[in-house]
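As a plain string of letters, each chain reads:
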Amino acid sequence: MMRKLGVFLTTACLLAPLSPVVVAETRSAFVVIDKVDDNKTIGELKPAYVDFAFREAPRVSIDEVIDRYIQLINRADDPRIQALALLRMESLEDRYGSLRPDGFFTDALWDTAIEVYRKVIALPPATESQREPFSRDLLQYQLAKALDMRGRQQESLTALQTLLERFPSSGFATEAQFRIAEAQYTRGEYELAEENYREVSRSNNAALIPKAQYMLAWSMYKNDRNQAAIDQFLNVLVDIQSNAYPDESNNQAVEDDVARIISVIATQNGGESFLNASMARQGNTDLAAVLYKGLYTYQLGQERFQDAANVAEGYIQRFARTPERPSFHELKLQAFEAGKLPQLVWQERERYVDELGQYSDYWKQLTPEEQNALRPRLFGFREELGRRAYSLAQADAKAGAITNSQAHFDSAAEHFTAMLQLSPEDQRNAEISFLLGDTWLQLGALAKAVEAYDQAGYAYEPTPAAADAAYAGITTRTRMIEQLPTDDSEDRNSLVEARISAAIRFGDTYAQDDRSGKVVLLAANDLYQAKRYDAALVQAKRVIELTQNATHQLDAHEIAGSSAFELGEFAQAERSFDAAIILVDDRQNELNAAERTRRADLMTSYVASIYKQGEAWEEKGDMNGALQEYLRVVAVAPTSPLAESARYDAAMRALDIKDWELAIDLMKVYRKKHPSTELAKGIPAKLAFAFDALDQPGQAGDALAESLEQQPADERRQTLLQVAGFYREAGRSSDLVKTLQAYARDYPQPFDAAVDVRYELYTLASAPASPASVRKQVATLRDDLISFERSGGSSRTGQSRALAAEAAWARTEASRDQFEAIALSLPLNASLEKKTAALRALVADIEQSQSYAIARYTTAANHTLGDAYLTLSRDILESERPEGLNPLEGEQYTILLEDQAYPFEEKAIGILEGNVSVMQQGIYDVYVQQSIDSLSQLLPVRYNKKETLIDVAPSIR
């Protein structure tokens, strides 16, 4: 019967003193099995050269195909043909082997294959014309397989050795060498096996390298080369850890087995120190967790509990910050538990939570994922340790061992607190929180007790003890407040705030509890004192609904009114204060001093609520509504302090709704009743606004002018301008001039405004309709404007220059008129001197006008200057002649005058031509034209030419 196995060669090695056998297989991963029968083989080949172009099933049955190949093998005379047929059968078996579970080859056929392969191999090499469809190394490999399939292992190995010798470069050489090494290992020839495994490890056969590496380590170990073996085993582990062989399916089994054999070697050679030395040689501690765990497991299996615990402790000490550390604490606990050492178990649990818990340095360097993985174990240990400590504390307290009891309570509190922080959402924490509260209470830590009681009462699903825990939190807070020094206001406020929250929470959560009523009133009062007005209002209303006690209702109405007032709910506040006043007035006995004071305070609050409603209407934009509320305040309490503000605000709101006459009346009343207030200072401006709205600018100016003396300088400056504006609009020139003169006198800055004011004064003085007293100041005001603007330095602007230039030009024109008005008479020298003096003044004014560099004044100045020289020339020529001159003397006198006048005319022509030349710059105005006109008379040939239009022929165009 044919044997059908999955691998070509069998090689097994006994891992003494370990029981399993590790088998290396050519095309699959390592497997660990309990036993391999001696008569079984491993291995099946897949001929590499056989390929099919099609992938469809054959058209004839597989049995028929096989029968035809067998007939061919039996009948063929040429062994090459027989070999080819055999190879094709093996290829078919690879593809369709599932169709024939018993296999395609019988023992007899394998024998035939052995004979055929040997014949072909023995043949002389094929010639070029006899090219074989297969290689001789393939046939040699197939011969080894056939011999193995017939159980002739030694011959199979010999065939593989021949393959290596004859075909060292064959693609089958590495696998052949691996098979030989396995056979050598099985026979105990470990040194030879080591050599062959090493050669395979250096090859490029990715499938065999991991197996060869592994078996190389075993060969070294079997050859008593422990140090080399452990180094090689470490190399195997490094490769597995680095995922060097991702296709290997049983890496974990190999890792476990390697860790176990390393543990055996380490135990035989010093244990933990041997491991550390080996890792040091490797220069790699990444395998520490695997190696230490393997050594621990081996020691524990030998029931060497303390040694196993020491191994775990060794890892903890050496690798204290690794993610694997917690597992070694667990291993240590397991060793103590297995060794029945309870005291050490408790100590190790304490150490576990201390050194690995959420307060430890180790915890801080973990990732969130690593922390979450550690939480459940920490929580469990904390609970066990906390309950044990609590029980011990109670027992010690009962026995009178107070010191020990306190220590155990401290320990219990530590563990319970850590549990709550570690896993806040765990429902087991409800009971733990109550226990923690009692624990802190025993220790006198009231604040911590309150926190724990609250958590027990509210943080989890309700329990029968939840209301008791919540109420215990409130009573404990009260004890804390009572124990505070009277001057410790900050802590007291904090505690009262906490009691408020607790009381409201209790009332909301446990409304049916008999204790809830008195808690609500306490909450309402504390809430108001703590300025939590919205909540105070809610709780005060609850009290009013729950009780008929007049005193309690009075308190509740006052709290409600005060809270509503602070919240801006002023209509509600008015109703509450009104109800409180009614309750006070309804008392049958005469009010005592304290009650009268309280009623007065309630009345003040009542009026303030009405006033605030006015402000609320303002915020909503309803100014008429606000006006009515303010008038209501004045009507309800005309002598109250708020009446003053209400009168003022009513006047302002009258302004807002444009009821100008009402606003004016209210402002006058306010100023009369409260003349010394700060607000009264602003009344004049607002009166001015109202008068202006009524189109009464004169009264507006008068009203605004009243405030000038009380205003600071900058504000007064602005007000003067406003007053001037009103007087200007009213046409009150005298008042306007006085106002502007006051501004000019007191405010040289800002410069632009000061220039504008002086300019307006100048224009007012220039106006024919101005009073004579103003008009006679025109020259002074004009010169003041010019000199003030010129002194402005860097403050001067284009606008200020333009205004000053206008005034300067006006002065120039006045100088021109004065110059032209002087006639040349006898004696000529005297009148000519007077005329030339006027000319010099005119030239100075012209030069100043030109200095502003304003085009329209520049051309005007140039023309005026030229015209002045021309006038002087003409006046000289036309001047009065002395009497008594004969004709000759008269002619000589005329020549003398011409000599005097000619230079002035030439100078005039030069100036006028210069003025005309600006046309080349694109400048042209009336003064340029006037210069042209003057030149036309002086130089007609040049300047009085007539234009002639010439028609151009179309051909030229």
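For the structure, see preceding data.
It should be emphasised that the depicted structure is a prediction, and the values quoted were computed from it without experimental measurement. (Residues numbered from 1 in each chain as written. Predicted model: local features only at pLDDT ≥ 70, side-chain atom pairs only at ≥ 80, totals over all residues. Heavy atoms only, no water.)

**Student:** How would you sum up the overall build of the protein chain? Please name residues and give values.
**Tutor:** Helices and strands together make up the secondary structure of the protein chain, namely 43 helices and three strands. The globule rule puts the C-alpha radius of gyration for 957 residues at 30 Å, and the 61 Å found for the protein chain is more than 25% above it. The principal-axis extent of the C-alpha atoms belonging to the protein chain is close to 175 × 125 × 60 Å. Residues classed as buried in the protein chain amount to 47% of the 957 residues present. When contacts within the protein chain are restricted to residue pairs at least 6 apart in sequence, long-range pairs at least 24 apart make up 58% of them. Within the structure as shown, the protein chain displays about 48,900 Å² of accessible surface, and the carbon and sulfur contribution to it stands at 50%. Placing the 103 positive and 142 negative side-chain charges of the protein chain at their respective mean positions leaves the two points 2 Å apart. (Helix = DSSP H or I, 4+ residues; strand = E, 2+ residues; numbered from the N terminus. Rg over C-alpha atoms; globule rule 2.2 N^0.38 Å. Buried < 20%, exposed > 50% of the residue type's maximum accessible area, 1.4 Å probe, protein only. Contact = heavy atoms within 4.5 Å. Areas by Shrake-Rupley, 256 points an atom, 1.4 Å probe, with all protein chains shown as cover. Lys, Arg positive; Asp, Glu negative; His and termini not counted. Charge placed at Lys NZ, Arg CZ, Asp CG, Glu CD.)

**Student:** Which residues make up the packing of helix 8 (residues 209-222) against helix 10 (residues 251-268), and what values do they have?
**Tutor:** The axes of two packed helices give the description: the angle between them and the distance between them. Remark: helix 8 packs on helix 10, axes separated minimally by 12 Å, with the N-to-C direction vectors making an angle of 20°. Between helix 8 and helix 10, the angle falls in the class roughly parallel. Both helix 8 and helix 10 take part in a crossing whose hand is left-handed. The segment helix 8 lies against helix 10, with Tyr214, Trp218 and Tyr221 engaging Val254, Asp257, Val258, Ile261, Val264 and Ile265. (Axes fitted to C-alpha atoms, helices over the stretch in contact; angles between N-to-C directions. Parallel < 35°, antiparallel > 145°, perpendicular 65-115°, else oblique. Left-handed = near helix turned anticlockwise from the far one by under 90°.)

**Student:** Requested: an account of the layout of surface pockets, with residues and values cited.
**Tutor:** Taken as a whole, the second largest pocket holds about 380 Å³ of empty space. Along the walls of the second largest pocket sit 19 residues, with Glu255, Ala289, Val290, Lys293 and Gly294 positioned nearest its centre. Listing elements by their share of the lining of the second largest pocket, those giving two or more residues are helix 10 and helix 12 (288-301). Residues that form the lining of the second largest pocket fall into these classes: seven nonpolar, six polar and six charged. (1 Å grid on protein atoms, 1.4 Å probe; cavity = no way out; pocket = protein on both sides within 12 Å on 5 of 7 lines; lining within 4 Å. Points joined across faces, edges and corners; volume = space filled by probe spheres on them. Nonpolar A, V, L, I, M, F, W, Y, C, P; charged D, E, K, R; others polar.)

**Student:** An account of unusual backbone geometry is needed here, citing residue identities and associated values.
**Tutor:** Note that the residue after Gln749, namely Pro750, is joined by a cis bond; omega there is 0°. Residue placement: Pro750 occurs in the loop between helix 34 (733-746) and helix 35 (751-766). Phi at Lys531 is positive, roughly 65°, even though this residue is not glycine. By the secondary structure assignment, Lys531 is in the loop between helix 23 (516-529) and helix 24 (533-546). A residue is classified by how much of its surface remains accessible, and Lys531, at 61% relative accessible area, is exposed. Positive phi values are uncommon outside glycine, yet Asp695 reaches one of about 60°. What makes Asp695 exposed here is its relative accessible area of 58%.

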